[in-house]
Amino acid sequence: MFVLELTYTAPQAAVDAALPAHVAWLDERYAQGVFLASGPKNPRDGGVILAVAEDRARIEEIAAGDPFVTAGVCEYRIAEFTATKTAPDLERYRQTPA
């Protein structure tokens, strides 16, 4: 499982201009079953996405396609972790340590 932390690198007006394309991109990843949760940070200087994929390379590829990235308004920090405990609704994503 992956935690993707977005940090805005441009003025809020530039972020807001790219927001509709970013939201459409998010919707596509949700439909693919890659994203589990997402939202803005508080204060609104970026966002967080909880995601699943076969490997880190795939997550990096997905993040590179974010319209926020292609518009140059954010950077990603990606953390991979083993979800050994989950809420019941996320049980299918529970992992066993290697």
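Use the structure listed above.
The structure reproduced in this document is the subject of the present report. It should be emphasised that the depicted structure is a prediction, and the values quoted were computed from it without experimental measurement.

What counts, and at which threshold
- Residues numbered from 1 in each chain as written.
- Predicted model: local features only at pLDDT ≥ 70, side-chain atom pairs only at ≥ 80, totals over all residues.
- Heavy atoms only, no water.
- Helix = DSSP H or I, 4+ residues; strand = E, 2+ residues; numbered from the N terminus.
- Expected span 1.5 Å × (residues − 1).
- Bend = angle between axes of the 7 residues up to and from the residue.
- Buried < 20%, exposed > 50% of the residue type's maximum accessible area, 1.4 Å probe, protein only.
- Contact = heavy atoms within 4.5 Å.
- Pairing = 2+ DSSP bridges.

A few words now on helix α1 (residues 12–31). Think of an α-helix as 3.6 residues a turn; residues three or four steps apart then line up on the same face. For α1, built from 20 residues, the straight-helix expectation of 28 Å at 1.5 Å per residue is met to within 8% by its first-to-last C-alpha distance of 27 Å. Maximum bend of α1: about 45°, positioned at L19, with proline P20 one to four residues after it. Inspection of α1 places V15, A18, H22, W25, L26 and R29 among the buried residues, and these make up the whole buried set. Where α1 is buried, its residues touch β1 (2–8), β2 (35–40), β3 (46–51), α2 (56–64), α3 (67–70) and β4 (74–80). Looking at the residues trailing α1, positive phi occurs at G33, about 80°.

Taking every second residue as pointing to the same face, the buried face of β1 carries F2, L4, L6 and Y8, while none of V3, E5 and T7 on the other face is buried. Relative to β3, β1 runs antiparallel, the two being bridged by six bridges. In the sheet register, L4 faces β3, and the bridge partner there is I49.

Let us now look at the environment of T7. Within the secondary structure, T7 is located in strand β1. Separated by 37 residues in the primary sequence, T7 and R44 have C-alpha atoms spaced 9.2 Å apart. Setting aside anything within four residues of it in sequence, one finds T7 in contact with K41, D45, G46, V73, C74 and E75.

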